[in-house]
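Overview (structure and organization)
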Amino acid sequence: MSLKVLFPTGKKYFSYGFPNHPLSSQRHFLALKEIKRRGLLNNPNLVKLKTKMVDEKILTLFHSKEYVEKVKRLSKLGFGFLDTSDNPVFQGMYEIASHVVYAAIKAVELVVNGNVNSSFNMVGGLHHAFRDKGEGFCVFNDVGVAVAFTLEKLKLDRILYIDIDAHHCNGVFYSFYDEPRVWIFDVHQTGIYPGTGFENEKGEGEAYGTKLNIPLEPFSGDKKLAGILKKLVEFANNAKPQLILFQAGADCIRGDPLTNLNFSLEGHLFMVKKVGKLADKLCDGKLIVFGGGGYNYDNCTKAWINILSFLLEKNNGRP
């Protein structure tokens, strides 16, 4: 097992975002500038992956062919909205979103095959897109495609997806609601978009018990982290995962303009470290972290540097 950390990169990849919008590509380039300034990209344990467009056949492992064709058509048109008003269309949308999915596919492939131990997909975690529609700033659901790829192509049968983004991971959660091979643990704020993710939703059929929502009231803050952690450890132990995917959205951090879950940067990093320890204990460290949401760009930069630094230090310190 290589102890390297994968870091997808490339102009198209970092360009994911919408013009005049809370999710602008600026947040990625600002964070990247600081990551470079600190020399993290020169760390000997970091493997840079130049992204490219993903094969359309990979997209349709999760998304319907009709939806993929619609994204292509609107991308060429260059104006209007993709299904909902929070996804304004822009030229090149298809190509740029495709790069984000490629990063997720290569991450799971390289981690599962042992070429690297973990990956930080800073731009990824687009968890609101459904199989046949986009919403919530998400064109393609890179997490959903990666999960489908891991099940169908890599033949894993125990995947754990953890999500602490302030918004419920509806596109992932309901798309795999009846899939017993996919365990989902989601922490989110109540009373905000998308308004889903209730405690009584635990999966259906053979998948009952493989899904767990942890809705939190606004301003919950770090005082709730201990209770979350206890539930997470129990859930993860029951899942017995071969791979952990973790959407570590920075919009749960205090000062975000769209949410007010109010975790501190230290609390956010605490959760990241605990997930890392779970991965070490349960699946030989095989972990993919997605940057997810976050609309206070300073918070994003600090949180993402924390994540990348932790992964590099964790792998460097393993025997």
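Higher on the page you've got the structure.
Residues numbered from 1 in each chain as written. Predicted model: local features only at pLDDT ≥ 70, side-chain atom pairs only at ≥ 80, totals over all residues. Heavy atoms only, no water.

1. As for the overall build of the protein
For the protein, the count of helices and strands is ten helices and eight strands. Expected size for 319 residues packed as a compact globule is a radius of gyration near 20 Å; at 18 Å, the protein falls within 12% of this value. Considering only C-alpha atoms, the protein reaches an extent of 50 × 45 × 40 Å along its principal axes. Counting every position in the protein, which comprises 319 residues, the buried fraction comes to 63%. Here the contacts in the protein between residues at least 6 apart in sequence split such that 77% fall between residues at least 24 apart. Here the protein has roughly 12400 Å² of accessible surface; of this, 51% comes from carbon and sulfur atoms. Where the 40 positive side-chain charges of the protein centre and where its 33 negative ones centre are 7 Å apart. (Helix = DSSP H or I, 4+ residues; strand = E, 2+ residues; numbered from the N terminus. Rg over C-alpha atoms; globule rule 2.2 N^0.38 Å. Buried < 20%, exposed > 50% of the residue type's maximum accessible area, 1.4 Å probe, protein only. Contact = heavy atoms within 4.5 Å. Areas by Shrake-Rupley, 256 points an atom, 1.4 Å probe, with all protein chains shown as cover. Lys, Arg positive; Asp, Glu negative; His and termini not counted. Charge placed at Lys NZ, Arg CZ, Asp CG, Glu CD.)

2. Here we look at the packing of helix H4 (residues 65-77) against helix H5 (residues 93-112)
Relative to each other, H4 and H5 sit at 130°, their axes nearing to 7 Å. On the basis of the axis angle, H4 is oblique to H5. Facing Val-68, Val-71, Lys-72, Leu-74 and Ser-75 of H4, the residues of H5 in contact are Met-93, Tyr-94 and Glu-95. The residue makeup of the contact of H4 with H5, split by class, is five nonpolar, one polar and two charged. (Axes fitted to C-alpha atoms, helices over the stretch in contact; angles between N-to-C directions. Parallel < 35°, antiparallel > 145°, perpendicular 65-115°, else oblique. Nonpolar A, V, L, I, M, F, W, Y, C, P; charged D, E, K, R; others polar.)

3. Considering the pattern of salt bridges
Applying the stated criterion to the full structure yields twelve salt bridges. For Glu-34, the salt bridge goes to Arg-38, with nearest N and O atoms at 3.0 Å. Assessed through its relative accessible area of 18%, Glu-34 is described here as buried. When salt bridges with common partners are traced through the structure, they connect Glu-56, Lys-65, Glu-69 and Lys-72 into a single cluster. (Salt bridge = Lys/Arg side-chain N within 4 Å of Asp/Glu carboxyl O.)

4. Concerning the nonpolar core
Ranked by internal contacts, the top residues of the largest apolar core, which has 119 residues, are Phe-7, Tyr-16, Val-139 and Phe-140. No other element matches the 15 residues that H5 contributes to this core. The residues contacting Phe-7, other than those within four sequence positions of it, are Phe-14, Leu-32, Ile-35, Leu-41, Leu-46, Val-47, Lys-48, Leu-49, Phe-120, Met-122 and Leu-308. (Core = buried A, V, L, I, M, F, W, Y, C linked by side-chain atoms within 4.5 Å.)

5. Brief notes about helix H6 (residues 142-152)
Buried residues dominate H6, accounting for ten of its eleven residues. Along H6, the residues that are buried comprise Asp-142, Val-143, Gly-144, Val-145, Ala-146, Val-147, Ala-148, Phe-149, Thr-150 and Leu-151. Sitting at the amino-terminal end of H6 is Asn-141, which places a side-chain oxygen 3.2 Å from the backbone nitrogen of Val-143. (Polar contact = N/O pair within 3.5 Å; in protein donor to acceptor, adjacent residues only side chain to side chain.)

6. Examining helix H2 (residues 26-37)
The first and last C-alpha atoms of H2 sit 17 Å apart over twelve residues, in line with the 16 Å expected at 1.5 Å per residue. Among the residues making up H2, those that are buried are Arg-27, His-28, Ala-31, Leu-32, Glu-34 and Ile-35. An end-on view of H2 places all buried positions within 165° of arc, on one side of the element. Among the exposed residues of H2, those oriented more than 90 degrees off its buried face are Lys-33, Lys-36 and Arg-37. Directly after H2, the chain includes Gly-39, whose backbone phi takes a positive value near 80°. (Expected span 1.5 Å × (residues − 1). Arc of directions from axis to C-beta.)

7. Let's talk about the sheet that holds strand E1 (residues 5-9)
Ordered in space as E2-E1-E3-E8-E7-E4-E5-E6, the eight strands form an open sheet in which the pairing is parallel. Single-partner strands in this sheet number two, and they are strand E2 (46-50) and strand E6 (211-216). Across this sheet, the average inter-strand angle for adjacent strands is 15°, counted without regard to direction. Relative to strand E8 (residues 287-290), strand E3 (residues 118-121) runs parallel, the two being bridged by four bridges. Looking at the pairing, Asn-121 lines up with Phe-290 of E8. (Pairing = 2+ DSSP bridges.)

8. Considerations on unusual backbone geometry
Cis geometry is adopted by the peptide bond preceding Pro-194, which originates at Tyr-193 and carries an omega value of 0°. The topology assignment puts Pro-194 in the loop between strand E5 (182-189) and E6. Non-glycine residue Asp-83 carries a positive phi angle of around 70°. Structurally, Asp-83 is set in the loop between H4 and H5. Even without being a glycine, Phe-137 presents a positive backbone phi close to 70°. Structurally, the position occupied by Phe-137 is in the loop between E3 and H6.

9. Things to note about the packing of aromatic side chains
By the definition in use, this model includes 15 aromatic pairs. Seen in terms of ring centroids, Tyr-16 and Phe-18 are 5.8 Å apart; in terms of plane orientation they differ by 80°. Their pairing is edge-to-face. Accessibility expressed as a relative area gives 3% for Phe-18, which makes it buried. An angle of 45° between the planes, with centres 5.6 Å apart, marks the rings of Phe-173 and Tyr-177 as tilted. (Phe/Tyr/Trp six-rings, centres within 6.5 Å; stacked < 30°, edge-to-face > 60°.)

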